[in-house]
Amino acid sequence: MAETSGDLRFEGITKKFGDFVAVDDLDLTVPQGSFFALLGPSGCGKTTSLRMAAGLEEPTAGRVLIGETDITGLRPYKRPVNTVFQSYALFPHLTIFDNVAFGLRRRGVQDFKKKTQDMLELVQLDGYAARKPTQLSGGQQQRVALARALVNEPGVLLLDEPLGALDLKLRRQMQIELKRIQTDVGITFVHVTHDQEEAMTMADTIAVMNHGVIEQMGTPAELYENPRTTFVANFLGQSNLIMATVTGRSGDSLVVDCEGQTIEVEASRSHVESGRAWLGVRPEKLTAVPTGREDHAGANVLTGGKVSDVSFVGVSTQYLVAMPWGEELMVFQQNTGQHTPLGHGDTVDLVWSPGHAFLLDAKQDAHAGMMTPEDDE
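Residues numbered from 1 in each chain as written. Predicted model: local features only at pLDDT ≥ 70, side-chain atom pairs only at ≥ 80, totals over all residues. Heavy atoms only, no water.

J.: Any details on the environment of asparagine 234? Residues and values, ideally.
T.: Within the secondary structure, asparagine 234 is located in helix H8 (residues 230–235). Exposure remark for asparagine 234: the relative accessible area of 6% places this residue in the buried category. Leave out the neighbours within four places in its chain, and asparagine 234 touches Ser239, Leu241, Ala366, His367, Ala368, Gly369 and Met370. (Helix = DSSP H or I, 4+ residues; strand = E, 2+ residues; numbered from the N terminus. Buried < 20%, exposed > 50% of the residue type's maximum accessible area, 1.4 Å probe, protein only. Contact = heavy atoms within 4.5 Å.)

J.: Go over the layout of surface pockets, please, and point to the residues and values.
T.: Each pocket or cavity is described by its volume, and for the second largest pocket that value is around 450 Å³. Taken together, 22 residues line the second largest pocket, and the ones lying closest to its centre are Asn234, Gln238, Ser239, Met330 and Met370. Elements represented by at least two residues in the lining of the second largest pocket include exactly helix H6 (196–202), H8, strand S11 (240–250) and strand S18 (328–334). Here the lining of the second largest pocket is composed, by residue class, of 11 nonpolar, 7 polar and 4 charged. (1 Å grid on protein atoms, 1.4 Å probe; cavity = no way out; pocket = protein on both sides within 12 Å on 5 of 7 lines; lining within 4 Å. Points joined across faces, edges and corners; volume = space filled by probe spheres on them. Nonpolar A, V, L, I, M, F, W, Y, C, P; charged D, E, K, R; others polar.)

J.: Which residues make up unusual backbone geometry, and what values go with them?
T.: Positive phi is not limited to glycine here, since aspartate 25 has a value of about 50°. Positionally, aspartate 25 belongs in strand S2 (residues 20–30). Judged by its relative accessible area of 49%, aspartate 25 falls in the partly exposed class. Even without a glycine there, the phi angle at histidine 211 is positive, about 55°. Considering the arrangement of structural elements, one finds histidine 211 in the loop between strand S9 (205–210) and strand S10 (213–218).

J.: Break down the sheet that holds strand S14 (residues 275–281) for me, with residues and values.
T.: Pairing between the strands of a sheet is mediated by backbone hydrogen bonds and can be parallel or antiparallel. Sheet architecture is open: 5 strands sit in the order S13-S12-S11-S14-S20, paired in antiparallel fashion. Both outer strands of the open sheet, strand S13 (261–266) and strand S20 (357–361), are each paired with one neighbouring strand and no more. Sheet twist, expressed as the average angle between the axes of neighbouring strands with direction ignored, equals 45°. (Pairing = 2+ DSSP bridges. Axes fitted to C-alpha atoms, helices over the stretch in contact; angles between N-to-C directions.)

J.: Can you break down helix H4 (residues 138–150) residue by residue, with the values?
T.: The terminal C-alpha atoms of H4 lie 18 Å apart, and with 13 residues this matches the ideal 18 Å at 1.5 Å per residue to within 8%. Burial analysis of H4 places 11 of its 13 residues in the buried class, the great majority of the element. All of the buried residues along H4 are Gly139, Gln140, Gln142, Arg143, Val144, Ala145, Leu146, Ala147, Arg148, Ala149 and Leu150. (Expected span 1.5 Å × (residues − 1).)

J.: Run through the sheet that holds strand S17 (residues 316–322), naming residues and quoting values.
T.: Here 5 strands make up an open sheet; going across it, the order is S15-S19-S16-S17-S18 and the pairing antiparallel. The strands lining the two open edges of the sheet, one partner per strand, are strand S15 (287–290) and S18. In this sheet, adjacent strand axes meet at a mean angle of 45° when their direction is disregarded. Examined bridge by bridge, S17 and S18 share 7 bridges and lie antiparallel to one another. The partner of leucine 320 across the bridge, within S18, is methionine 330.

Function cannot be inferred from these measures alone, as they are strictly geometric.
As structure tokens, this is what we get:
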């Protein structure tokens, strides 16, 4: 395995399968020591990108580098990279200790026993060394696979949907565990997933992929609070997108006309400067209040709504509000006791801060990035 360290870089990487372009001229830098997520739906190119980093696929064009070392032509076992797959691929006939020690023994590492024991302690399995994989739960097997990869001290650890086989509760526990382990070892983690919550829980930086290209890259908060495309707005959480028209500027905000009502949006969150645009507001940023009950000075207000559906989900109540122009908007209202519960048919105003909206190009598809039940399987 090459002794290479530094940022993982993709330079002009393209991968074609016949006429199909899986990855399209990708330029990407994953900072050394970061927890990085490639997020996107099935077929977006994220797994293909990871496989090219691992050496399991050969790029049609471009280079893969770690630091200044070009690893594009290296065989997988010569790269300072290890991969953890969803299937774990543990050796069923070997003990947990021997599974983790396998790579070290093959390389003739002298102190493999101490390194293996230390790694089992890191993943909190030091009491399971003598067991076989079939005697462990799915989450424990996943940690064995992680330990087996990390014990070889790779420059980069690639994680291909590693939590996909776990049930929801265990998956959430393992998200916290993976982040803890990454922080402890300081190795670059590149995590491929289609699960938005998983990426946002663990990653320092997320690259949202769609059709072989990166739609947007940033911290989880940046992508969620200030999406630059309708795909990102819909794929990361849920968004209300309302057709509007930019009419002018007021200080650091753009003024837009939304179905005859004047709304302001901070210029830093506006990705168009004139003409038609999608006005975007996350459901939890909206407050639905009975019409005319409160003074909304300094806030954006859309009037004329009527509650068309009420769903109590414990921490919040989710409302659908039918607007006069025929669109239903989502409102997620925290059950803090500060707001009067609303009922079906109540007339309401929708209120939010100018700093909690965004403006996107009206030429983009308002439904781009919306998840279907099939996407989440």
